[in-house]
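# Coordinates in review
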Amino acid sequence: MAAKLALVLLVVASICSHSEASKLRTTTMTLYFQDWSAGPNATVIPITGLPGRLWSFFSFGTVFCTDDPITEGLDKASPEIARAQGIYVTSALDGSNTHVLISIVFTNSKYNGSTLEVQGASRQIDNVREVAVVAGTGKFRYARGYATFETVYLDMSLAYSVIQCNVTVKHY
Ligand SMILES: *[C@@H]1O[C@H](CO)[C@@H](O)[C@H](O)[C@H]1NC(C)=O
Ligand SMILES: *[C@@H]1O[C@H](CO)[C@@H](O)[C@H](O)[C@H]1NC(C)=O
Ligand SMILES: *[C@@H]1O[C@H](CO)[C@@H](O)[C@H](O)[C@H]1NC(C)=O
């Protein structure tokens, strides 16, 4: 009897998950992170690191706090549609990986107040870094997917870079 009930529950559960899955939508978007890593208007700043060591992107244990404007186009003067707020921690002993923990907080009229949660290991030296999108809120409830990051503009003298971020998420 118990076994039969368990089977029925299993069938019901699989029917539910199937019909839920069919309502999932896929959204893709291309965003541009405007990133200043030094200077008076820095948008990514080291907040702590190992004592007695240099705090840098390639030093294990360095923690950065970030609030990058996210624009619609590559040009920093193009409309701002979100902010990238969160932390980066250099998480590989040899400095090769950073752990990304950021929220993409939308401010445009289409997604205002909705967020996407980006989390994972990013291999800093790769041209294209891929990180998971693990969750979302608002228009992106139950979001799951991935995001690629590619530095498409770099001005070392200004510590300024633009990072193209392509997001693919499934959500309700
Ligand atoms: C920093 O921001 C202020 C206020 O927006 C601006 O006046 C100043 O020129 C900026 N400085 C640099 C180096 O971009
Ligand atoms: C987004 O929401 C905030 C707070 O609810 C509001 O102040 C702002 O005007 C909204 N922006 C847009 C573009 O709708
Ligand atoms: C991101 O999307 C743009 C088009 O919107 C494309 O040109 C670019 O190759 C994509 N980057 C990656 C890493 O897929």
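The name given to the chain in an unreviewed UniProt entry is Dirigent protein, with Daucus carota subsp. sativus as the source organism. For the record of the chain, the UniProt heading Sequence similarities (unreviewed entry) holds the text "Belongs to the plant dirigent protein family." In its Function (unreviewed entry) section, the UniProt entry covering the chain states "Dirigent proteins impart stereoselectivity on the phenoxy radical-coupling reaction, yielding optically active lignans from two molecules of coniferyl alcohol in the biosynthesis of lignans, flavonolignans, and alkaloids and thus plays a central role in plant secondary metabolism."

Another point: the pattern of salt bridges. Taken as a whole and judged by the stated rule, the model has three salt bridges. Among the ionic pairs, R83 bridges to D67, the shortest N-O distance being 2.9 Å. Highlighted residues: R83 in strand 4 (residues 80–90) and D67 in strand 3 (residues 63–71), separated in sequence by 16 residues. Of the charged contacts, one joins E80 and R83 as a salt bridge, the two residues approaching to 3.1 Å between their closest N and O atoms. Exposure remark for R83: the relative accessible area of 22% places this residue in the partly exposed category. One salt-bridge network, in which partners are shared between bridges, spans D67, E80 and R83.

T30, V128, T148, E150, Q164 and N166 make up every residue found near ligand 3. Between T30 and ligand 3, the recorded distance is 2.9 Å, taken from a side-chain N or O atom to an oxygen atom. The contact in question runs from an oxygen atom of ligand 3 to an N or O atom on the side chain of N166, over 2.3 Å. Of all the elements in the fold, those that place two or more residues in the shell around ligand 3 are strand 8 (144–155) and strand 9 (160–171). Grouping the constituent residues of the shell around ligand 3 by class yields one nonpolar, four polar and one charged.

Reading the values: rules and limits
Residues numbered from 1 in each chain as written. Chains lettered and ligands numbered in written order. Predicted model: local features only at pLDDT ≥ 70, side-chain atom pairs only at ≥ 80, totals over all residues. Heavy atoms only, no water. UniProt positions renumbered as here; feature names shortened; annotations may be inferred. Salt bridge = Lys/Arg side-chain N within 4 Å of Asp/Glu carboxyl O. Helix = DSSP H or I, 4+ residues; strand = E, 2+ residues; numbered from the N terminus. Buried < 20%, exposed > 50% of the residue type's maximum accessible area, 1.4 Å probe, protein only. Near = heavy atom within 4 Å. Polar contact = N/O pair within 3.5 Å; in protein donor to acceptor, adjacent residues only side chain to side chain. Nonpolar A, V, L, I, M, F, W, Y, C, P; charged D, E, K, R; others polar.

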